[in-house]
Amino acid sequence: MIRLGSPRPRLRLIGFVLALVLIAFLVRLLQVQAVDAGTYAAKAEQNRYVVHTLTAARGGITDRDGVALATTVDAYDITADPTMFTRAQLKVGDGPEQAAALLAPILGEDEDDLVAKLRPQNKDLRYVRLARSKTPQEWNQIQDLKTALSEKAGTDASAVNVLAGVFADPSSKRIYPNAELAAGILGWVNSEGEGSGGLERQLDKTLAGQDGKIRYAQSGGHQVPTIGANETPAVPGSDVELTIDRDIQWAAQDAISEQVEKSEADGGYVIVQDTRTGEILAMANSPGFDPGDLAHADPQALGNAALQDAFEPGSTAKVMSMAAVLEEKTATPDTHVTVPNRLHRGDRLFKDDIDHPTWYLTLNGVLAKSSNIGTILATGELGKNQREANQVLYSYLRKFGLGSYSGLDFPGETKGILAPPDQWSTSQQYTIPFGQGVSLTALQAASVYSTIANGGVRVEPSLVRGTKEADGRVTPAAKPRKTRVISEGTAKTLAHMLESVVDDEEGTGTRARIPGYRVAGKTGTANRVDPATGQYKGYTSSFAGFAPADQPRVTVYCAIQNATEGSYFGGQICGPVYKQVMEFALKSLQVPPTGADPARLPVTFQP
């Protein structure tokens, strides 16, 4: 009789194996739920939740009347989740390449750059920005592509939606509705949305606001609507109101652009300033640029030349020499000055812009006829010797603001060049009185004339009137500093003398006359230093003045660099620009004529 083996050993073996399996499951369970619970929770969190930046709306920039000069519109930052472009996710190896080929034409980005972003070195990266500030129309194009690819994938097992991992974050785009108008003042923002030039850069913190964040659950590249999002709202930037008047800015820019083109000049600038407040009503440069289209801008035109170019002003600077002479009481407008055809001083033989017989001029006539020789003779009386006279003149130039920053704190602004008198060369001590051997900016030159127009008080120029917060709170700009430069009597006398430049037939500024208004002004034609060679080449032509002469309201300064067609004399090419801009400004501000007769000071005397 055959006896069957006992089943117990087999049962024990099976029980032992099952026990090992259960122990393995138990160990793994303990590892997952206890030992490594935090790690797995973090991975789940990482895969489930996405954090996006909410870009703050940039504050707008307006003119003094609230007209928009720079503003923002709705846009989208196009983003992607690189983990959704892997082979494991898409089941294809060239997902980033396929996506980049579709996106590049829409976004205007390089295909290779997009591929690099979609296939980053960091394999755990969940968020990349593919392009900034794209229009709603561009995002709609991408959405249409995504929908078409998704529908195709639903009906064709071999099709892949390579754009499933592309998203959009609400953003904004900087717009300059007036194109080139006031571009030198406004500046621009870079591709990262940061201010990179002009006031956009100077006031970037004020305009930019503070970005926020949003964290939400996602599945398959879409937000899960049933799970709440954790959001830190963005704080919009503040609006900035400028002192600029858009219409006057347009008139200034139109006038200088037309004259620069007509004269085939290298460039030019016009400043319009309120003589009482120091507020800049216009600051125009030619050539200019469109801050909304930097790709097609001339790199040489970027910036604000009216604040960044330093040049020798020529005869428009003679008004400061005359101010020193009058304030020091070494002469009066009627003082006789005999002006020879040539004057030997130091190591040079000086002359006026034209050959002439001996002129018998009053001090007023020296300014009206813009005599270099007469100016040298007049300023030579400021001290007991030339060294002392130099020191006195230097002190007045400094008080008028030369060799110092304007106070605007504008990016790239230069303070010009004014050496201390003990460093003046033999020729400089005679050329500086008539505006050669010293350099300034267009704004500094305008400020000199505004100081005279304002009764001898220099008011620090200003470009910003105030800011407006998102909640409506308005913060006015700090009041500008005021400095007494010359006495009110001297300023009034200078205004009368400057009228002779325009009103008297012997003056050099007759083309700046404005019917019905008394105009005070001064021409300037200076040898120009070529920035490329450092040598004198061509001329700086200029005209500066204010109106009405007896009750000043507006100062206008014009300068044109290196005119090569037609006349290069300041009175001939800048006088008409001054007239055109001043007429427009007076009408725009509704400044009435005073109706009073001009002083008509004598220009010559009988020997």
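Residues numbered from 1 in each chain as written. Predicted model: local features only at pLDDT ≥ 70, side-chain atom pairs only at ≥ 80, totals over all residues. Heavy atoms only, no water.

1. Structural notes on the packing of helix 12 (residues 318-327) against helix 15 (residues 386-399)
In a pair of packed helices, the angle between the axes and the distance between the axes together describe the arrangement. Here helix 12 crosses helix 15 at 115°, and the two axes come no closer than 9 Å. The crossing of helix 12 and helix 15 is right-handed. Here helix 12 contributes Met320, Ser321, Ala324 and Glu327 to the contact with helix 15, which in turn contributes Leu393, Tyr396 and Leu397. Its residues assigned to classes, the contact of helix 12 with helix 15 shows five nonpolar, one polar and one charged. (Axes fitted to C-alpha atoms, helices over the stretch in contact; angles between N-to-C directions. Helix = DSSP H or I, 4+ residues; strand = E, 2+ residues; numbered from the N terminus. Left-handed = near helix turned anticlockwise from the far one by under 90°. Contact = heavy atoms within 4.5 Å. Nonpolar A, V, L, I, M, F, W, Y, C, P; charged D, E, K, R; others polar.)

2. Description of the nonpolar core
Within the largest apolar cluster, 88 residues are counted, with the highest numbers of intra-cluster contacts made by Leu242, Phe400, Leu402, Ile486, Leu494 and Tyr557. With eight residues, the top contributor of residues to this core is helix 17 (residues 442-453). The contacts of Tyr557, once residues within four sequence positions are left out, are Tyr269, Val270, Ile271, Phe311, Thr316, Ala442, Ala445, Ala446, Ser542, Phe543 and Ala544. Core analysis: the second largest hydrophobic core is formed by 32 residues, Val260, Ala547, Val556 and Cys558 among them. (Core = buried A, V, L, I, M, F, W, Y, C linked by side-chain atoms within 4.5 Å. Buried < 20%, exposed > 50% of the residue type's maximum accessible area, 1.4 Å probe, protein only.)

3. Details of a negative patch on the surface
A cluster of acidic residues, Glu109, Asp110, Glu111, Asp112 and Asp113, forms a negative patch at the surface. Along the chain, Glu109 falls in the loop between helix 4 (95-107) and helix 5 (111-118). For Glu109, a relative accessible area of 30% corresponds to the partly exposed category. (Patch = residues over 30% accessible without salt bridge, like charges linked within 9 Å, V, L, I, M, F, W, Y side chains within 5 Å. Areas by Shrake-Rupley, 256 points an atom, 1.4 Å probe, with all protein chains shown as cover. Salt bridge = Lys/Arg side-chain N within 4 Å of Asp/Glu carboxyl O. Lys, Arg positive; Asp, Glu negative; His and termini not counted. Charge placed at Lys NZ, Arg CZ, Asp CG, Glu CD.)

4. Focus: the packing of aromatic side chains
Taken as a whole and judged by the stated rule, the model has ten aromatic pairs. For the pair Tyr269 and Phe311, a centre-to-centre distance of 5.6 Å together with 15° between the ring planes defines the contact as stacked. Here Tyr269 is found in strand 12 (residues 267-274), whereas its partner Phe311 is found in the loop between helix 11 (305-308) and helix 12, with 42 residues between them in sequence. Comparing Tyr269 with Phe311, the two get one shared label, buried. Seen in terms of ring centroids, Tyr360 and Phe605 are 5.7 Å apart; in terms of plane orientation they differ by 80°. Their pairing is edge-to-face. (Phe/Tyr/Trp six-rings, centres within 6.5 Å; stacked < 30°, edge-to-face > 60°.)

5. Let's talk about the sheet that holds strand 12
Taking strand neighbours across the sheet as the criterion, the five strands line up as 13-12-24-23-22 in an open arrangement whose pairing is antiparallel. Edge positions in the sheet fall to strand 13 (280-286) and strand 22 (520-529), since each of these pairs with one other strand and no more. Taking the axes of each pair of neighbouring strands and ignoring which way they run, one obtains an average angle of 10° across the sheet. Pairing analysis gives six bridges linking strand 12 to strand 13, with the strands arranged antiparallel. Bridge pairing links Ile271 to Met283 in strand 13. Against the sheet, helix 10 (residues 246-263) contacts strand 12, strand 13 and strand 24 (554-561), and its axis sits at roughly 25° relative to strand 13. (Pairing = 2+ DSSP bridges.)

6. Points about the state of the cysteines
This structure, assessed with the given rule, holds zero disulfides. Distance from the sulfur of Cys558, which forms no disulfide, to the nearest cysteine sulfur (Cys574) is 3.2 Å. (Disulfide = S-S within 2.5 Å.)

7. Here's the deal with the pattern of salt bridges
In total, this model carries 21 salt bridges according to the counting rule given. Between Glu241 and Arg465 there is a salt bridge whose closest N-O contact spans 3.3 Å. Highlighted residues: Glu241 in strand 11 (residues 239-242) and Arg465 in strand 19 (residues 464-468), separated in sequence by 224 residues. You can call Glu241 partly exposed: its relative accessible area is 29%. Classification of Arg465 by relative accessible area gives partly exposed; the value is 32%. Members of the salt-bridge network, linked through shared partners, are Arg58, Arg174, Glu200 and Asp204.

8. Some details on the UniProt feature "domain: Penicillin-binding protein transpeptidase" (unreviewed entry) in the protein
Under the local residue numbering, the UniProt record ascribes the feature "domain: Penicillin-binding protein transpeptidase" (unreviewed entry) to residues 268-583. Regarding residues 268-583, the helix share stands at 28% and the strand share at 23%, and the terminal C-alpha atoms are separated by 19 Å. (UniProt positions renumbered as here; feature names shortened; annotations may be inferred.)

9. Considering helix 20 (residues 575-588)
A rise of 1.5 Å per residue sets the reference length of helix 20, with its 14 residues, at 20 Å; its end C-alpha atoms lie 20 Å apart and thus fit the reference within 8%. Residues of helix 20 that are buried sit in contact with helix 10, strand 12, strand 22, strand 23 (536-547), strand 24 and helix 19 (570-573). (Expected span 1.5 Å × (residues − 1).)

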